[in-house]
Amino acid sequence: MYDPSHLRTFLAVAQTLSFTQAARRLGLRQSTVSQHVRRLEDAAGRQLFSRDTHSVELTEDGEAMLGFARRILEVHDQATAFFTGTRLRGRLRFGASEDFVLTRLPEILEAFRYDHPEVDLELTVELSGTLHERLAAGKLDLVLAKRRPEDPRGEPVWHDELVWIGVERLRLDPDRPVPLIVYPPPGITRALAMEALERQGRAWRVACTSGSLNGLIAAARAGLGVMAHSRGMIPPGLVRVPDRAGLPELGKVDFVLVHGHRRTSAQSAADALAAAILTSGDRLHRR
């Protein structure tokens with residue numbers, strides 16, 4: 001009833017909320033993407049997206065279709081691998097940024113290991129900036145990390161807004177430097193937070209530095225300061241700092257998959273893991 005190619009297109013649009021970006025990701029024309037979505041909506045008998053000239057949003061039925069689409073494609077890929085006899089092998093060096101520690105990425109990796117037991121998956125969790133450096137040096141095969149919006153590298157998994165977060169009881173004194181909770185260099189959110197405050201002409205001080213997301217969260221929960229973080233993955237116990245605090249806007253951030261430039265024996269495994277992450281990208285949001 002549901003064509004796998006239509007389901008893959010649906011997931012790409014659902015994750016990017018853009019027909020143009022979905023077309024770029026899939027290597028299709030935008031008209032083809034629209035046609036796939038329309039045919040899937042016809043097959044389901046429901047509208048999956050509400051869209052106008054400015055925005056694309058999932059409908060309630062579209063949200064329901066996300067789970068069905070993921071499961072259908074997972075089973076479809078398993079059946080294809082079984083009957084074609086293709087078994088991936090080799091060592092796959094995968095890097096994921098600290099942002100995904102509290103998401104459902106482990107579930108995606110567990111499913112990948114189940115489907116491809118002969119792949120030796122080696123996971124590195126680091127700062128996004130560090131992961132990009134290791135990838136460029138040939139020390140990783142695939143990276144899931146943040147990038148600056150102007151950075152052309154990588155395949156977008158989703159776009160998000162950076163926001164200031166802290167403990168609900170925290171009150172900022174407008175006459176004192178903003179206490180920052182940050183990753184060490186080359187943390188991307190660290191740089192964006194400091195740049196935004198400097199553009200506003202607002203003084204700041206580093207209240208806590210940690211290379212661990214759990215360390216940053218602990219400091220924030222203790223009320224030591226504020227931190228820049230993805231709006232879609234705000235940790236429990238922390239809230240978005242209200243606008244009345246007068247902090248500057250931080251802008252957008254992209255989460256992307258980046259392949260290594262060097263062709264290795266792990267290329268096929270990297271492609272398969274990238275496809276699994278793109279298929280399940282919405283599960284990486286903390287809802």
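Structure shown above.
Residues numbered from 1 in each chain as written. Predicted model: local features only at pLDDT ≥ 70, side-chain atom pairs only at ≥ 80, totals over all residues. Heavy atoms only, no water.

Just checking my understanding: could you explain unusual backbone geometry for this structure?
If a residue is not glycine, its phi is most likely negative; likewise, a peptide bond is most likely trans. Of the consecutive residues Pro185 and Pro186, the connecting peptide bond is found in the cis state with omega at 10 degrees. With respect to the element layout, Pro186 can be found in the loop between β7 (178–182) and α7 (188–200). The backbone phi angle of Leu17 is positive, close to 50 degrees, even though this residue is not glycine. Relative to the helices and strands, Leu17 is located in the loop between α1 (4–16) and α2 (19–26). (Helix = DSSP H or I, 4+ residues; strand = E, 2+ residues; numbered from the N terminus.)

What should I look at first to understand the pattern of salt bridges in this one?
A full pass over the atoms with the stated rule returns eight salt bridges. Between Asp99 and Lys146 there is a salt bridge; the shortest N-O distance is 2.6 Å. A residue pair is termed long-range when its members are at least 10 positions apart, and Asp99 in the loop between β3 (90–97) and α5 (105–115) and Lys146 in strand β5 (residues 142–147) qualify at 47 residues. We note a salt bridge from Asp254 to Arg147, for which the minimum N-O separation is 3.3 Å. With Asp254 in strand β11 (residues 252–259) and Arg147 in strand β5, this residue pair connects regions lying 107 residues apart in the sequence. Counted as one network, the salt bridges with shared partners bring together Glu161, Arg231 and Arg240. (Salt bridge = Lys/Arg side-chain N within 4 Å of Asp/Glu carboxyl O.)

Help me out: how do you make sense of a nonpolar patch on the surface in this one?
A cluster of nonpolar side chains, contributed by Val101, Leu123 and Val125, occupies part of the molecular surface with about 210 Å² of accessible area. Looking at the secondary structure, you find Val125 in strand β4 (residues 119–126). (Patch = residues over 30% accessible without salt bridge, like charges linked within 9 Å, V, L, I, M, F, W, Y side chains within 5 Å. Areas by Shrake-Rupley, 256 points an atom, 1.4 Å probe, with all protein chains shown as cover.)

Can you walk me through the environment of Gly223 in this structure?
The topology assignment puts Gly223 in the loop between α8 (213–221) and β9 (227–230). Taking the C-alpha atoms as reference, Gly223 lies 5.9 Å from Val167; in sequence the two are 56 residues apart. Beyond its immediate sequence surroundings of up to four residues, Gly223 is in contact with Val167, Arg169 and Leu170. (Contact = heavy atoms within 4.5 Å.)

Can you help me understand empty space enclosed by the protein in this one?
Unfilled space is identified by rolling a water-sized probe across the atoms. Enumeration according to the criterion identifies two cavities of 30 Å³ or more in this entry. If you add up the space inside the largest cavity, you get close to 70 Å³. Lining of the largest cavity is provided by Trp164, Leu180, Ile181, Val182, Tyr183, Thr189, Arg190, Ala193, Leu216, Val226, Met227 and Ala228. (1 Å grid on protein atoms, 1.4 Å probe; cavity = no way out; pocket = protein on both sides within 12 Å on 5 of 7 lines; lining within 4 Å. Points joined across faces, edges and corners; volume = space filled by probe spheres on them.)

When you look at the pairing of β5 in this model, what are you seeing that I'm missing?
Note on strand geometry: in a regular strand, side chains alternate between the two faces of the sheet. The buried count for β5 comes to six of six residues, which makes it a mostly enclosed element. The pairing of β3 with β5 spans three bridges and is classified as parallel. Within β5, the residue paired with Gly95 across the bridge is Val143. Note that β5 and β11 share six bridges and pair antiparallel. The residue bridging Lys146 from the neighbouring strand is Phe255, located in β11. (Buried < 20%, exposed > 50% of the residue type's maximum accessible area, 1.4 Å probe, protein only. Pairing = 2+ DSSP bridges.)

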